[in-house]
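Listed here are the chains, written in short residue letters.
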Amino acid sequence: MTNTHSLGEPLSMKRGPALRNRFMLAPMTNLQSGDDGRLSDDEYRWLTMRAEGGFGLTMTCAAHVQANGQGFPRQLGAGEDMHVAGLARLARGIREFGSVSSLQLHHAGNRAPRDLVPQPVGPSDDAETGARALTLDEVEQLRDDFIAAARRAQAAGFDGVEVHGAHGYVIAQFLSPEVNRREDRYGGSLENRARLLFEIIDGIRAECRPDFQVGLRLSPERFGLQLGEIREVAAQLLRQEAIDYLDLSLWNAFKEPEEEACQGRSLLSYFTDLPRGAVRLGAAGKISTASDAARILEAGCDFVLIGRAAILCHDFPNRVLRNSDFQPPALPVSEQYLAAEGLGPHYVNYLRTWPGFVGDSAPI
Ligand SMILES: Cc1cc2nc3c(=O)[nH]c(=O)nc-3n(C[C@H](O)[C@H](O)[C@H](O)COP(=O)(O)O)c2cc1C
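Residues numbered from 1 in each chain as written. Predicted model: local features only at pLDDT ≥ 70, side-chain atom pairs only at ≥ 80, totals over all residues.

**Focus: the overall build of the protein chain**
Tallying secondary structure elements over the protein chain gives 13 helices and ten strands in all. A compact globule built from 364 residues should have a C-alpha radius of gyration of about 21 Å, and the protein chain, at 19 Å, falls within 12% of that. With the principal axes as the frame, the protein chain shows a C-alpha extent of 55 × 45 × 40 Å. Residue burial in the protein chain is summarised as follows: out of 364 residues, 51% are buried. (Helix = DSSP H or I, 4+ residues; strand = E, 2+ residues; numbered from the N terminus. Rg over C-alpha atoms; globule rule 2.2 N^0.38 Å. Buried ≥ 20, exposed ≤ 12 C-beta atoms within 10 Å, placed from the backbone.)

In structure tokens, the structure reads:
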């Protein structure tokens, strides 16, 4: 039996406001912004419904910090001042429902689709994607644009930002010894490959107010990453307490590592056993019931991130806190069901590309 009681306990952070419970909305791309990255009513509704539904922290989708880092059509933008007004409306709306707000900062790097970014860029030339290597000046500009986007989030009234260092996007591309073959101070040793990430975090700290919350999302596998290296980067960030929370994107928070030499224990355990001072640790991936969430806390995390179960139930936290046996509906679900849960047509269409999610003859 798992003890689900702790899920409802508040969670203080080293900086910024405490969360009312242990639930964070996982960042989820929803293709609902304007073509220029400005917030739309549909995106506002999708997110504020989750704040109303009890999430302790409501995270936006990945928001691009530079036009040439756009990873998705109708992606939320944070790279220009014209984005601030919409972000301010969103931050206010999330706060009105008692939820802490975070803007996820993203640059797709060599994964930017050609129809959005004619010449994608990355740490090194990449034959597979046709991306070209950033010059040293451009790497510094990239760093500065992440920091400028965090300043915009602050100006808009967000409680903080989450730096997207996961899923093989630009920061993960720099971390990867396979993708990053630079010979300057941003390539080579792990210290050099992690330099962009550390400079972004230090820059946000230096330029935003002292209680601005800074989170980081890392994924420790795929895209040429090595678990041991990502653990080392995490260990250093936790030791320095430069971030307020680390969000581990594992796709399955209960799995074992892919690397054979690391098997025999959970992937998560490589991070829960690191000393972390006042930094909070959370994980995402296949957490869809109260007992799943409680197991992740029992495994040593401070909070959980809920993705697909939060698409299905805007009030997932409130429901599981009221009833520890609550189960979200089984997939697939209908378009009408998703519309009632606050998803606009672009988002529903996007979910049609996720296998088994939307079914036209689904029972609900
Ligand atoms: C529709 C969709 C969009 C996503 N977009 C993002 C994103 O913008 N940024 C990100 O870091 N992860 C993104 N993810 C990953 C989720 O944040 C989460 O880590 C993943 O879905 C696993 O959690 P779950 O099993 O609870 O869904 C997305 C996932 C889904 C299903």
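Okay, back to it.
**Examining the site of the ligand**
Among the 22 residues in the neighbourhood of the ligand, the closest are listed as A26, A62, A284, G307 and R308. Of all the secondary structure elements, the ones that give two or more residues to the shell around the ligand are β2 (57-64) and α10 (308-312). (Near = placed C-beta within 6 Å.)

**As for the nonpolar core**
Ranked by size, the top nonpolar core spans 112 residues in total, and within it L105, L246, A283, V304 and I306 carry the most contacts. Top contributing element to this core by residue count: helix α3 (residues 136-156), with nine residues. Each of domain 1 (5-328) and domain 2 (333-364) gives at least three residues to this core. Those residues in contact with L105 that lie beyond four places of it in its chain are A63, V65, A78, F146, A149, A150, V161, E162, V163 and H164. (Core = buried A, V, L, I, M, F, W, Y, C linked by C-beta atoms within 7 Å. Domains from an automatic or database assignment. Contact = placed C-beta atoms within 7 Å.)

**Description of the environment of P317**
Within the element layout of this structure, P317 appears in helix α11 (residues 316-322). Classification of P317 as buried rests on a count of 28 C-beta atoms within 10 Å. Residues P317 and G53, spaced 264 residues apart in sequence, show a C-alpha to C-alpha distance of 6.6 Å. In this structure, P317 is in contact with N21, F23, G53, G54 and F55, ignoring residues within four places of it in sequence.

**Section: the sheet that holds strand β8 (residues 245-249)**
The eight strands lie next to each other as β1-β2-β3-β6-β7-β8-β9-β10, forming a closed barrel whose pairing is parallel. Taken over all neighbouring pairs, the strand axes of this sheet differ in orientation by 25° on average, direction set aside. Bridge analysis of strand β6 (residues 160-165) against strand β7 (residues 213-218) gives six bridges, and the strand direction is parallel. Residue pairing in the sheet places V161 in a bridge with V214 of β7. (Pairing = 2+ DSSP bridges. Axes fitted to C-alpha atoms, helices over the stretch in contact; angles between N-to-C directions.)

**A look at the domain arrangement of the protein chain**
According to the domain assignment, the protein chain contains domain 1 (5-328) and domain 2 (333-364). Summarising the inter-unit geometry, the C-alpha centres of domain 1 and domain 2 are found 24 Å apart. Contact with domain 1, which involves eleven residues of that partner, is made by eight residues of domain 2. Those elements that place two or more of their residues in the side of domain 1 that touches domain 2 are α1 (41-52) and α10. A breakdown of the residues in the side of domain 1 that touches domain 2 according to their chemical character gives five nonpolar, three polar and three charged. (Nonpolar A, V, L, I, M, F, W, Y, C, P; charged D, E, K, R; others polar.)

**Quick look at the environment of G187**
Inspection of the secondary structure assignment puts G187 in the loop between α4 (170-175) and α5 (190-193). With 19 C-beta atoms packed within 10 Å, G187 lands in the partly exposed category. Residues G187 and D35, spaced 152 residues apart in sequence, show a C-alpha to C-alpha distance of 34 Å. G187 has contacts with P123, N180, R181, R182, N192 and R193, leaving out every residue within four places of it along the chain.

**Some thoughts on the pairing of strand β10 (residues 303-306)**
Along any regular strand the residues' side chains alternate between the sheet's two faces. Burial of the side chains of β10 extends over both faces: F303 and L305 are buried on one face and V304 and I306 on the other. As defined by bridge partners, strand β1 (residues 23-25) adjoins β10 across three bridges and the pair is classed as parallel. Bridging from a neighbouring strand, L25 pairs with I306 of β10. Bridge count for strand β9 (residues 280-284) against β10 is three bridges, and the pairing is parallel. Opposite A284, over in β10, you have L305 as the bridge partner. Between the parallel pair β9 and β10, the chain is carried across by helix α9 (residues 290-298), and the sense of this crossover is right-handed. (Right-handed = clockwise from strand over helix to strand, strands pointing away.)

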